Amino acid sequence: MSGRPLRLACTAAVLSAALLAPGSATAAPEPPERTTAALLTDLQRLYREAERATETYNATEEKLDRQRGEVARLDKALAAARLRLHDSRGAVGRLARQQYQNTTAISPYVRLLLARDPQHALDQGHVIGLLARERAETVGRLTGTEREADRLARRARAALDTQLSLAERQKKDRDAVRKRLREVEELLASLTAEQLAELAELEEKGVEKAQKDLVASGALAQDDHKPSARAKRAIRFAERQLGKPYRWGAEGPKSYDCSGLTQRAWAHAGTRIPRTSQEQWARLERIPLTEMRPGDLVIYFPDATHVALYIGRGKVVQAPRPGEKVRISPIASNPVLGAVRPATKTRSSK
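Remember, predicted model here, so these are calculated numbers, not experimental data.

**Student:** Sorry, what's going on with the environment of Arg169 here?
**Tutor:** Relative to the elements of secondary structure, Arg169 occurs in helix H4 (residues 118–189). Once the C-alpha coordinates of Arg169 and Tyr57 are considered, the two residues, 112 residues apart in sequence, prove to be 8.6 Å apart. Not counting residues up to four positions away in its chain, the partners in contact with Arg169 are Thr60 and Lys63.

Below, the structure written as structure tokens:
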């Protein structure tokens, strides 16, 4: 078949398909190719959603760890209470047998009247009174132990229910993280090498501009304040992690997420801080950017879903995002929310 008849046949086939198709007779135009800026916006949004889901997962994991400890503590206390209850019941049983064996139909008053030695009878009555009080105390201990064991059993059941609920929530949080990460991977896989290079260049230029604007605004101190001894140790630890991969939920030693890195760095320095960036922002002392010193934590985004460790000179150490490695970045690599400072006062530093 010649080229002209082939083109005519193809044209006829296209027209027939258009006429037979429901709706408009004109073919729908292909969607325009997204710009590099739009792709970068989409990618950054997906990264933020993944990190937000990661921090939610981390918060649930921390609560679950605490709840496991509470369940273990209550189980131990309940076992001890049940042992005391067993001992108390044994003591009451022995008293009951003794009372049965010593039962007499003569009242203490009649025994006193019939006694040859009334003083001896009075002394004996005093001893009997002491024994009676001891029996009452034993019965009282049994009653109290029963109540305590019952209370601990209820608390242990409630704590276990909470643990199971947290475990279920943790599973949902984990699935949410995985869903967000799949969306990131799918978008990246759909891009060409040229588009990826353009994205990296555009993002780098954006960070450079944000850094210049932040410095020009005067929001940062002109000179770095002197860090504490603990802050220096935290910085040294964080810098030794450079090049290790980001992994959601990771706290080291082979990989980290953003708050896992900052928490582990300060734990190495001897200071315990919350696990998530949102809790670090909520519970640690907030510091104006002009008063920042190396070792402080820089919190990012309005919902506090990212964190990095300030090392001075306008730089931070951070575990950036999936697919990246722990690195040194400009402080304005993400939109800054504020800064917080872990407690650094110790007796030895006074």
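Next, the rest of the story.
**Student:** Teacher, can you tell me more about the sheet that holds strand E3 (residues 306–312) here?
**Tutor:** Pairing within the open sheet is antiparallel, and its six strands lie in the order E1-E6-E2-E3-E4-E5. Strands with a single pairing partner mark the edges of an open sheet, and in this sheet they are strand E1 (285–287) and strand E5 (327–330). Strand-to-strand twist in this sheet, taken as the mean axis angle between neighbours without regard to direction, amounts to 40 degrees. In the packing of helix H7 (residues 258–268) onto the sheet, contacts are made with strand E2 (297–300), E3 and strand E4 (315–318), and the angle to E3 comes to roughly 45 degrees.

**Student:** Sorry if this is basic, but what is going on with helix H5 (residues 193–216) here?
**Tutor:** Given 3.6 residues per turn, any residue in an α-helix points the same way as the ones three and four places further on. The end-to-end C-alpha distance of H5, which contains 24 residues, comes to 35 Å, matching closely the 34 Å that a straight helix rising 1.5 Å per residue would cover. Every buried residue belonging to H5 is among Gln195, Leu199, Val207, Gln211 and Leu214, and all of these are buried. Looking one or two residues beyond H5, the residue adopting positive phi is Gly218, at roughly 80 degrees.

**Student:** Sorry, what's going on with the side chain of Thr60 here?
**Tutor:** Mapped onto the elements of the fold, Thr60 is located in helix H2 (residues 36–101). Accessibility expressed as a relative area gives 3% for Thr60, which makes it buried. Those residues in contact with Thr60 that sit more than four places away from it in its chain are Leu166, Arg169, Gln170 and Asp173.

**Student:** Please explain a positive patch on the surface as it appears in this structure.
**Tutor:** Together, Lys226, Lys232, Arg233, Arg236 and Arg240 make up a positively charged patch on the protein surface. Mapped onto the elements of the fold, Arg236 is located in helix H6 (residues 229–240).

**Student:** Help me out: how do you make sense of unusual backbone geometry in this one?
**Tutor:** As a rule of thumb, non-glycine residues mostly have phi less than zero, and peptide bonds are mostly trans rather than cis. Residue Pro253 follows Gly252 across a cis peptide bond; omega there is 0 degrees. With respect to the element layout, Pro253 can be found in the loop between H6 and H7. In this model, Phe301 sits at a positive phi of 70 degrees, which is unusual for a non-glycine residue. Along the chain, the position of Phe301 falls in the loop between E2 and E3. Not every positive phi belongs to a glycine, and Arg313 is a case in point at roughly 55 degrees. By the secondary structure assignment, Arg313 is in the loop between E3 and E4.

**Student:** Looking at this structure, how should I read the confidence of the model for the protein chain?
**Tutor:** Residues shown with low pLDDT carry predicted positions that ought not to be read at fine detail. Taken as a whole, the protein chain shows an average pLDDT of 76; of its residues, 71% reach a score of 70 or greater. With pLDDT under 50 throughout, residues 346–350 is counted as low confidence; its partners more than four residues away or in other chains account for two contacts.

**Student:** Is there a simple way to think about the nonpolar core in this case?
**Tutor:** Nonpolar side chains in soluble globular proteins tend to be buried together. Trp266 and Leu297 are the most contacted members of the largest nonpolar core, which totals 31 residues. Looking at this core, the elements with two or more residues in it are H2, H4, H6, H7, E2 and E3. At five residues, the largest contribution of residues to this core is made by H6. If you look at the next biggest cluster of nonpolar residues, it comprises 13 residues, including Leu289, Met292, Tyr300 and Ala339.

Definitions and limits used
- Residues numbered from 1 in each chain as written.
- Predicted model: local features only at pLDDT ≥ 70, side-chain atom pairs only at ≥ 80, totals over all residues.
- Heavy atoms only, no water.
- Helix = DSSP H or I, 4+ residues; strand = E, 2+ residues; numbered from the N terminus.
- Contact = heavy atoms within 4.5 Å.
- Pairing = 2+ DSSP bridges.
- Axes fitted to C-alpha atoms, helices over the stretch in contact; angles between N-to-C directions.
- Expected span 1.5 Å × (residues − 1).
- Buried < 20%, exposed > 50% of the residue type's maximum accessible area, 1.4 Å probe, protein only.
- Patch = residues over 30% accessible without salt bridge, like charges linked within 9 Å, V, L, I, M, F, W, Y side chains within 5 Å.
- Areas by Shrake-Rupley, 256 points an atom, 1.4 Å probe, with all protein chains shown as cover.
- Salt bridge = Lys/Arg side-chain N within 4 Å of Asp/Glu carboxyl O.
- Lys, Arg positive; Asp, Glu negative; His and termini not counted.
- Charge placed at Lys NZ, Arg CZ, Asp CG, Glu CD.
- pLDDT = per-residue confidence, 0-100.
- Core = buried A, V, L, I, M, F, W, Y, C linked by side-chain atoms within 4.5 Å.

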